Amino acid sequence: MQLKTGLALIGAIVAAGGVAGLYFGIGISWISLAIIVCVSLLGYLLAAIAATANAASGFAEFMRGWQIGINTGLNGFLGFVIVNLLAGTTAAIIVGAMLGLLNLLTVIGPVSQSEVFQGILGWLTWLMPMSWLVIGIGLLFYLICFLGHAVTGGKVEYLKVQALSADWKTGTFFIKGGLISNLNPLDTAFNMGNFSFVDYLSGDWHKEHEAGHTLNLAAFGSLFHLIGALDENLLRRMGNAYSERLAESNDTGTGGNNIPMWY
């Protein structure tokens, strides 16, 4: 399929405008948080349904852009608020605008498919407020793996960290083995942003696919990442899950069931 960048961009601009209206209307509050969670869940469901029917349809592409737009607005305004508290308004405007622009560019096919852009995006995921929840959990999981290895001196196979690796292009760090990695019932791998976990029974590092999830996190944010995990595992849609189809395009490009955002 070919990405419909124009329709996706319209969706992104509309959604980012909605976030702006929410910010200036009621500010940052529990009510606005509840609205964002509900809208994010609805957006994912509509995009997943549309993409299941026909990922190349105009509505599916509009909804892909819509989800990126929500994350764009949130990254921009949260970046502004945080930097404003630390360094003043001028710096906050610059940082907020840069984060929003970086996020918005992911909606444009020729840009998102560029390896140069993916390298910038992957490493700057660390700076995007909407990525921090998943990255924070990933860091905690990493520390638990290392702790289990250290406490047992690496002598218990199930708790042993077998190897470390990285996808330097996207700044995704891999750990093979360790308690959290080995809790994966599928004995494969899973991603928590810039941290990825590979089961000790897996014969592969799954680097390109898991790095695709890092790029997904930057573009769509933590809510999308967690909803996608439920789509894959709780609903048992596995490789047909919407988030999986996006991430897989970083591995096998336009083949199969992929939505070629990263290829």
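Before reading further, recall that the structure is shown in the block above.
The shown structure was predicted, so the numbers you read here are calculated from the model rather than taken from an experiment. (Residues numbered from 1 in each chain as written. Predicted model: local features only at pLDDT ≥ 70, side-chain atom pairs only at ≥ 80, totals over all residues. Heavy atoms only, no water.)

**A few points about the sheet that holds strand β3 (residues 189-192)**
Strand order in this open sheet of 4 strands is β1-β2-β4-β3, and the pairing throughout is mixed. The sheet is open, and its two edges are formed by β1 (161-167) and β3, each paired on a single side. Each strand axis lies, on average, 20° off the axis of its neighbour in the sheet, ignoring direction. Both β3 and strand β4 (residues 195-198) contribute to a ladder of 4 bridges, which runs antiparallel. Residue pairing for β4: Asn-191 is matched across the bridge by Ser-196. (Pairing = 2+ DSSP bridges. Helix = DSSP H or I, 4+ residues; strand = E, 2+ residues; numbered from the N terminus. Axes fitted to C-alpha atoms, helices over the stretch in contact; angles between N-to-C directions.)

**Focus on the packing of aromatic side chains**
Centre distance and the angle of the planes are the two values used to describe a pair of aromatic rings. In total, this model carries 19 aromatic pairs according to the counting rule given. For the ring pair Trp-126 and Phe-195, a centre distance of 5.6 Å and an interplane angle of 80° mean the geometry is edge-to-face. Of this pair, Trp-126 sits in the loop between α6 (115-124) and α7 (132-151) while Phe-195 sits in strand β4; the two residues are 69 residues apart in sequence, bridging distant segments of the chain. For the ring pair Phe-174 and Trp-205, a centre distance of 6.5 Å and an interplane angle of 80° mean the geometry is edge-to-face. You can see Phe-174 sitting in strand β2 (residues 172-177) and its partner Trp-205 sitting in the loop between β4 and α9 (207-220), a full 31 residues away along the chain. (Phe/Tyr/Trp six-rings, centres within 6.5 Å; stacked < 30°, edge-to-face > 60°.)

**With respect to helix α2 (residues 30-54)**
Every α-helix carries 3.6 residues per turn, so stepping three or four residues along brings you back to the same face. With 25 residues, α2 extends 36 Å from end C-alpha to end C-alpha; this agrees with the ideal 36 Å at 1.5 Å per step. Of the residues making up α2, those classed as buried are Ser-32, Ile-36, Ser-40, Gly-43, Tyr-44, Ala-47, Ala-48, Ala-50 and Ala-51. On its buried side, α2 packs onto α1 (5-26), α3 (58-87), α10 (222-234) and α11 (242-252). (Expected span 1.5 Å × (residues − 1). Buried < 20%, exposed > 50% of the residue type's maximum accessible area, 1.4 Å probe, protein only. Contact = heavy atoms within 4.5 Å.)

**Structural notes on the packing of α10 against α11**
At their nearest, the axes of α10 and α11 sit 7 Å apart, and the two run at 105° to each other. With respect to α11, the axis of α10 lies roughly perpendicular. When α10 is examined against α11, the residues Phe-224, Gly-228, Asp-231 and Glu-232 are found in contact with a partner set consisting of Tyr-242, Ser-243, Glu-244 and Leu-246. (Parallel < 35°, antiparallel > 145°, perpendicular 65-115°, else oblique.)

**Notes on the packing of α1 against α3**
Packing of α1 against α3 brings their axes to within 6 Å, and their N-to-C directions diverge by 40°. In terms of orientation, α1 and α3 fall into the oblique class. Of the two elements, α1 crosses α3, and the hand of that crossing is right-handed. Class assignment of the residues belonging to the contact of α1 with α3 gives a composition of 18 nonpolar, 6 polar and 2 charged. (Left-handed = near helix turned anticlockwise from the far one by under 90°. Nonpolar A, V, L, I, M, F, W, Y, C, P; charged D, E, K, R; others polar.)

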